[in-house]
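Single-letter residue listing:
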Amino acid sequence: MSARVEALHAAVREACFSPKDEAKRDLGALLDRHGVAPPDRRALLGAKPRLSLYRKLVRGNVLGVCEAILERGHAHLEASAKGAWSDAVDAYLDAGGPRTPHLRDVPSELVAVLVPRLMQDARVPSYVAELFRLELTEFRVGAAVNEVLPASFDDIAAERPVVLRGPSERLMFAHPVHTLGVAPTPPAAAAETRLFVYRDAEHEVRVVVQTPFADELLARLLRGLPLGHSIGEAAGACGAAVSEALLTEVAKWLADFGERGILLGAPR
Amino acid sequence: MKKPRPTGVGLGLRWEIIDALCEGLPALPFLEISPENYVGRGGRFPALLARLGETYPLLSHGLSLSLGGSDPLDRAFLRQLRSFLDEVGAEHHSDHLCFSSAGGSVLHDLLPIPFLTSEVARIADRIKHVEDTIGRPMAIENVSYYLHPGEAEMGEAEFIAEVCEAADCKLMLDVNNAYVNASNFGHDVRAWLSKVPLDRVIQMHVAGHDYFDEGTYELSATQRAGKGRLIVDTHGSDVCPPVVTLLEEMIAKTGPVPVVLERDQAIGELSELLAEVRTLGAAYDRGLAKHVAATRAVAEVRP
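Throughout, a residue's number is its position along its own chain's written sequence, starting from 1. Numbering of ligands from 1 and lettering of chains from A proceed in the order in which they are written. Reporting of local features is limited, given that this is a predicted model, to residues whose pLDDT is at least 70; pairs of side-chain atoms are given and counted only at 80 or more, and all residues count toward the totals for whole chains, interfaces and linings. Side-chain numbers here rest on the full set of heavy atoms in the structure, without hydrogens or water.

All right, on to the overall build of chain A then. Counting from the N terminus, the helices are the DSSP runs of H or I reaching at least four residues and the strands are the DSSP runs of E reaching at least two. Tallying secondary structure elements over chain A gives eleven helices and six strands in all. Two things to know: the radius of gyration comes from C-alpha atoms, and the globule rule equals 2.2 Å times the number of residues to the power 0.38. Taken over C-alpha atoms, the radius of gyration comes to 25 Å for chain A, far larger than the 18 Å a tight globule of 268 residues would show. The C-alpha extent of chain A, read off along each of the three principal axes, is 80 × 40 × 30 Å. Relative to its 268 residues, chain A shows a buried fraction of 48%. Residue contacts follow a heavy-atom distance rule, with two residues in contact if any of their heavy atoms lie within 4.5 Å. For chain A, the proportion of contacts with a sequence separation of at least 24, taken over those separated by at least 6, is 66%. Surface accessibility in these figures is a Shrake-Rupley result with a 1.4 Å probe; residues are shielded only by whichever protein chains are displayed. Carbon and sulfur atoms make up 54% of the accessible area of chain A, which totals about 12,300 Å². Only four residue types enter the charge count, namely Lys and Arg as positive and Asp and Glu as negative; His and the chain termini do not. In this description, the location of a charge corresponds to atom NZ of lysine, CZ of arginine, CG of aspartate or CD of glutamate. Each charge class in chain A was averaged separately, 32 positive and 35 negative side chains, and the resulting centres sit 8 Å apart. Per-residue accessibility, obtained with a 1.4 Å probe over protein chains only, is compared with the maximum for each type, and a residue is labelled buried under 20%, exposed over 50%, and partly exposed between these values.

Our next topic: the pairing of strand E3 (residues 58-61) of chain B. Residues and elements named next belong to chain B. Taking every second residue as pointing to the same face, both faces of E3 are buried, with Leu58 and Ser60 on one and Leu59 and His61 on the other. If DSSP finds at least two bridges between two strands, the strands pair. In this sheet, E3 lies alongside strand E2 (residues 31-33) in parallel orientation, the contact comprising three bridges. Residue pairing in the sheet places Ile33 in a bridge with Ser60 of E3. By definition, the crossover connecting two strands over a helix is right-handed if that path, from the first strand to the second, turns clockwise as seen with the strands pointing away from the viewer. A crossover links E2 with its parallel partner E3, the connecting element being helix H2 (residues 44-55), and its sense is right-handed. In terms of strand pairing, E3 meets strand E4 (residues 93-96) through two bridges, oriented parallel. Considered in E4, the bridge of Ser60 is made with His93. What joins E3 to E4 is helix H3 (residues 75-88), and the crossover it makes is right-handed.

What follows covers the sheet that holds strand E2 (residues 163-164) of chain A. All names here are of chain A. Spatially, E1-E6-E2 is the arrangement adopted by the three strands of the open sheet, whose pairing is antiparallel. The sheet terminates laterally at strand E1 (151-152) and E2, the two strands that pair on one side only. With two bridges joining them, E2 and strand E6 (residues 263-267) adopt antiparallel strand pairing. Its bridge partner lying in E6, Leu164 is registered against Leu263.

Here the focus is the domain arrangement of chain A. Residue and element names in this part refer to chain A. Domain start and end points were adopted from an automatic or database domain assignment. Under the domain assignment used here, chain A contains domain 1 (1-49), domain 2 (65-143) and domain 3 (163-265). Once you take the C-alpha centre of each, domain 2 and domain 3 turn out to be 26 Å apart. Once two parts are put together, the accessible area they lose, assessed with a 1.4 Å probe and summed over both, is termed the buried area. For the pair domain 2 and domain 3, the summed buried area comes to about 1,700 Å², and 68% of that belongs to carbon and sulfur atoms. Together, Tyr127, Glu130 and Val141 form the three largest contributors to the area buried by domain 2 at its contact with domain 3, with a combined 34%. Note on definitions: salt bridges are taken to be side-chain nitrogens of Lys or Arg within 4 Å of carboxyl oxygens of Asp or Glu. Across the domain 2-domain 3 interface, the total number found is one salt bridge. Where Glu169 meets Arg140, a salt bridge forms, and the shortest distance between an N and an O atom there is 2.8 Å. Two N or O atoms count as a polar contact when they lie within 3.5 Å, although within protein this holds only if one can serve as hydrogen donor and the other as acceptor, and sequence-adjacent residues are included solely when both atoms are side-chain atoms. The tally of links from domain 2 across to domain 3 stands at seven residue pairs in polar contact (both at pLDDT 80 or more). Breaking the side of domain 2 that touches domain 3 down by element, the ones donating at least two residues are helix H5 (71-80) and helix H8 (127-143).

Interfaces are often sized by the amount of accessible area the parts lose when they come together. Chain B puts 49 residues into the contact, and the matching count from chain A is 44 residues. On the chain B side of the contact with chain A, His108(B), Leu147(B) and Tyr217(B) bury the most area, a combined 18% of that side's loss. Where chain B touches chain A, the interface holds three salt bridges. In this structure, Arg50(A) engages Glu214(B) in a salt bridge whose closest nitrogen and oxygen atoms are separated by 2.6 Å. Of all the secondary structure elements, the ones that give two or more residues to the side of chain B that touches chain A are H2, strand E5 (99-102), strand E6 (105-111), helix H4 (117-134), helix H6 (175-185) and strand E11 (229-232) of chain B. Looking at which element gives the most residues to the side of chain B that touches chain A, the answer is E6(B), with seven residues. Amino acid classes used here: Ala, Val, Leu, Ile, Met, Phe, Trp, Tyr, Cys and Pro are nonpolar; Asp, Glu, Lys and Arg are charged; the rest, including Gly, are polar. Of the residues assigned to the side of chain B that touches chain A, the class counts are 21 nonpolar, 17 polar and eleven charged.

On to the nonpolar core, then. By size, the foremost hydrophobic cluster in this structure holds 145 residues, and its most contacted members are Leu77(A), Leu11(B), Leu173(B) and Met204(B). Ranked by size, the runner-up nonpolar core spans 21 residues in total, among them Leu164(A), Leu217(A), Ala234(A) and Val250(A). The definition of a nonpolar core used throughout is a set of buried Ala, Val, Leu, Ile, Met, Phe, Trp, Tyr and Cys residues joined through side-chain atoms within 4.5 Å.

Where two aromatic rings form a pair, the distance of their centres and the angle of their planes describe that pair. All names here are of chain B. Side-chain rings of Phe, Tyr and Trp, where Trp is taken by its six-membered ring, are said to pair if the distance between their centres is within 6.5 Å; with planes under 30 degrees apart they count as stacked, over 60 as edge-to-face, and otherwise as tilted. The final tally for this structure, using the stated rule, is eleven aromatic pairs over all chains. Taking 3.9 Å as the distance between ring centres and 0° as the angle between the ring planes, the aromatic pair formed by Trp15 and Phe45 counts as stacked. In this pair, Trp15 sits in helix H1 (residues 15-24) while Phe45 sits in helix H2, placing the two residues 30 residues apart along the sequence. Seen from their ring centres, Phe115 and Phe159 are 5.2 Å apart, and the 40° between their planes marks the pair as tilted.

Looking now at the sheet that holds strand E12 (residues 259-262) of chain B. Residues and elements named next belong to chain B. Spatially, the eight strands close up into a barrel ordered E1-E2-E3-E4-E7-E8-E9-E12, and their pairing is parallel. When strand polarity is set aside, the average angle formed by the axes of neighbouring strands in this sheet is 30°. In this sheet, strand E7 (residues 138-141) lies alongside E4 in parallel orientation, the contact comprising four bridges. Bridge pairing in E7 links Ser94 to Ala139. Whenever a helix is involved, its axis is fitted only over the stretch in contact; in every case the axis is a line through C-alpha atoms, and angles between N-to-C directions fall within 0 to 180 degrees. Against the sheet, helix H8 (residues 241-254) contacts strand E8 (170-174), strand E9 (201-207) and E12, and its axis sits at roughly 170° relative to E9.

Glancing now at unusual backbone geometry. What is expected of a backbone is that most residues other than glycine have negative phi and most peptide bonds are trans. Residue and element names in this part refer to chain A. Cis geometry is adopted by the peptide bond preceding Pro167, which originates at Gly166 and carries an omega value of -10°. A positive phi is found at His203, a non-glycine position, where the angle reads about 70°. For His203, the position within the fold is in the loop between strand E4 (193-199) and strand E5 (205-210).

Attention now goes to the side chain of Glu32(B). All names here are of chain B. Secondary-structure assignment places Glu32 in strand E2. Of the side chains with opposite charge, Arg14 comes closest to the buried, unpaired Glu32, at an N-O distance of 5.3 Å. When near neighbours in sequence (up to four residues on either side) are disregarded, Glu32 contacts Leu11, Gly12, Leu13, Leu59, His61, Met172, Gln203, His205, Val260 and Glu262.

And the structure:
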């Protein structure tokens, strides 16, 4: 690899990723920063200034995928702190931009830069970061590779683990952000919210609200612990006793998860 | 038994039309897919692709190899790519003659490379490495570019010819890109096409484009050539008549290679795309008739 070509690639990268349009502001200085060879420098300074077009195309692709996957978060952020989104995108690109070869994973990299910035921004309500996390989780669950394990309902027993349809993730938020749409209306009030995000048999991503007990139970079942043991531990975590009423609740919960196609049975 | 190689005009598979395709299974000779959209991914789209793969042959066209790039090739991705290509039964894989990553950053676009003598062998080595890893032939695609990065030592067509020769690889000829570059840089597209190795063409692309205003790089209100405007390869409109004519001329020369209609923006109903496929198919058939006639004529003059 020649230093000459590496210098050119580095200059193009800066032209595309710099927050200000450096190629437009001072192309000569940009080329000098990267040690672009004199004949290439001359050629670029004499050509039409189309590095700015590449800047627009590259940023358009990054923004396009982020705004598609983080549609609600983007809308709520813009409503509360105009410019915060584009400032975060600028900061992300200026710090080197995408590292992932998959365009679909760019939003996840952006959120890693964005959320700490939102925490520092007094204009941004705290639920917005949660909304970004929810949207990313929904996308991740929808796109995850998954293998359905063989299971049978007939074999469900207290001493055995259960098989849940994957992929899925548990989330806990301080706001019911799953109720929010693109219209930037904030949630009615803060309220601890436990969510289970899963992908159904038709590959649709769905979100169900869980009680604290159901969430604790899920946590253990997802770790592969036996059903009876999981019930006991979950009850303990919630300060409850394993009572008839609790077992009735578990039976209802299992029936609901069975109807949704999440509970597939016990491993075969 | 080896499947016959697809010919005719097919469609680039996009998610905007995937449901309609699965539902209607319209008559198409093949679909072209981008492995990047499926590798390492589960869920709805790979499931739909599996259904479509039962009906249509699938051609593979990538976006991310960065064949002209300065960063090392992504070995892990190449291994995944090979498995994927085995799975879908792709006979070859194509990607662009450009760079898309630098200094560890991925730009997620097709960036122009300098046409330097010293770059020919380096890029050819990368192409050969990809071929070895994925276990099938590679074709490189001529990209649309708006700026040559630095001083060129040769023209684009010569550079493509030299890289193909050095790598002994195939060419994915994008007819629209050839037209876009010729229009933007003011050279004769037919002269350009006479210099690229048409005997290596394994597949072609056609797409539509839009006019942008030079300087602001916004979509131009005047969607035609003129001072202060350049063409951007948006894949956002119908294939323009001059490109359809060029396609016919190229098929007359290359014979029956598969042609893909690419559409990435302003994607309408599937029926509209299929209507465009039919228009292109008519041009393809005219070109093929000329090719057959020319081949017969050559055979007849041979002793």
